[in-house]
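Observations on the model geometry
Listed below are the residues making up each chain.
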Amino acid sequence: MRPIVFPRPFPKHVTPARWACVDDPVTCRRCHHEWPAGDPAYQMACRGCGALSGQPCCRPEGGNERVCFQRDQEARRAGLLIPCEGLSWDGRHDKPLRLSLSRSPDARAVLSGAPPARRFAA
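Residues numbered from 1 in each chain as written. Predicted model: local features only at pLDDT ≥ 70, side-chain atom pairs only at ≥ 80, totals over all residues. Heavy atoms only, no water.

Secondary structure assignment for the chain yields one helix and four strands. Helices and strands in the chain line up, N terminus first, as β-β-β-α-β. For the chain, buried positions account for 35% of its 122 residues. Counting every atom, the chain has about 9,000 Å² of accessible surface; 56% of that belongs to carbon and sulfur. (Helix = DSSP H or I, 4+ residues; strand = E, 2+ residues; numbered from the N terminus. Buried < 20%, exposed > 50% of the residue type's maximum accessible area, 1.4 Å probe, protein only. Areas by Shrake-Rupley, 256 points an atom, 1.4 Å probe, with all protein chains shown as cover.)

What follows is the structure, given as structure tokens:
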């Protein structure tokens, strides 16, 4: 009698980690308002994903280069953000973090939804 051999489980798809500094200057793509000391929403703790203040959002499905809606709302209530005057139905600013593939001393890991860049040899 042969022993039962179970097949190996398929490796789970791991979304790549990128690096970003929440203190870098950021500009809204809609109204062009600029924050030289970084996005003020990062001064608040996030109720949506549980990220601490000063940390990027940490949703498990990725897309963490943008702050959660709850964090933006809290920053507006605290008077840190004003509503966006650009074309947005909810008054949110479009201010994504700049991502990097290399780590710097001030950078935090960000789970991004974008796949890693691949170079194909000709």
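From this point, things continue past the structure.
To continue, consider the pattern of salt bridges. Per the counting criterion, the structure on display carries seven salt bridges. For the salt bridge of Asp39 with Lys95, the shortest nitrogen-to-oxygen distance reads 3.4 Å. One end of the pair, Asp39, is in the loop between β3 (34-35) and α1 (69-77); the other, Lys95, is in the loop between α1 and β4 (108-111), and 56 residues separate them in sequence. With relative accessibility at 5%, the residue Asp39 sits in the buried group. By relative accessible area, which is 6% here, Lys95 ends up buried. (Salt bridge = Lys/Arg side-chain N within 4 Å of Asp/Glu carboxyl O.)

Mapped onto the fold, Cys21 is located in the loop between β1 (17-20) and β2 (26-27). For Cys21, a relative accessible area of 11% translates into the label buried. C-alpha separation for the pair Cys21 and Val110, spaced 89 residues apart in sequence, amounts to 9.5 Å. Once residues lying within four places of it in the same chain are set aside, the contact partners of Cys21 are Leu97, Asp106 and Ala107. (Contact = heavy atoms within 4.5 Å.)

It is worth spelling out the pairing of β1 at this point. The alternating pattern of β1 places Arg18 and Ala20 on a buried face and Ala17 and Trp19 on a face that is not buried. One ladder, built from four bridges, connects β1 with β4; its direction is antiparallel. Among the inter-strand pairings, Ala20 is bridged to a residue of β4, identified as Arg108. (Pairing = 2+ DSSP bridges.)

Moving on, we come to unusual backbone geometry. Of note in this structure, His32 is not a glycine but carries a positive phi near 65°. With respect to the helices and strands, the residue His32 is situated in the loop between β2 and β3. Judged by its relative accessible area of 59%, His32 falls in the exposed class.

Counting 19 residues, the largest nonpolar core has Cys46, Cys49, Cys57 and Leu97 as the members making the most contacts within it. When neighbours within four sequence positions are excluded, Cys49 is seen to be in contact with Cys57, Cys58, Arg59 and Cys68. (Core = buried A, V, L, I, M, F, W, Y, C linked by side-chain atoms within 4.5 Å.)

Further remarks concern α1. For α1, the complete set of buried residues consists of Arg71, Asp72 and Ala75. Considered in projection along α1, the buried side chains sweep an arc of 100° and stay on one side of the axis. Once α1 finishes, Gly79 follows within two positions and takes phi at roughly 85°, a positive value. (Arc of directions from axis to C-beta.)

These results come straight from atomic positions and should not be treated as a statement about function.
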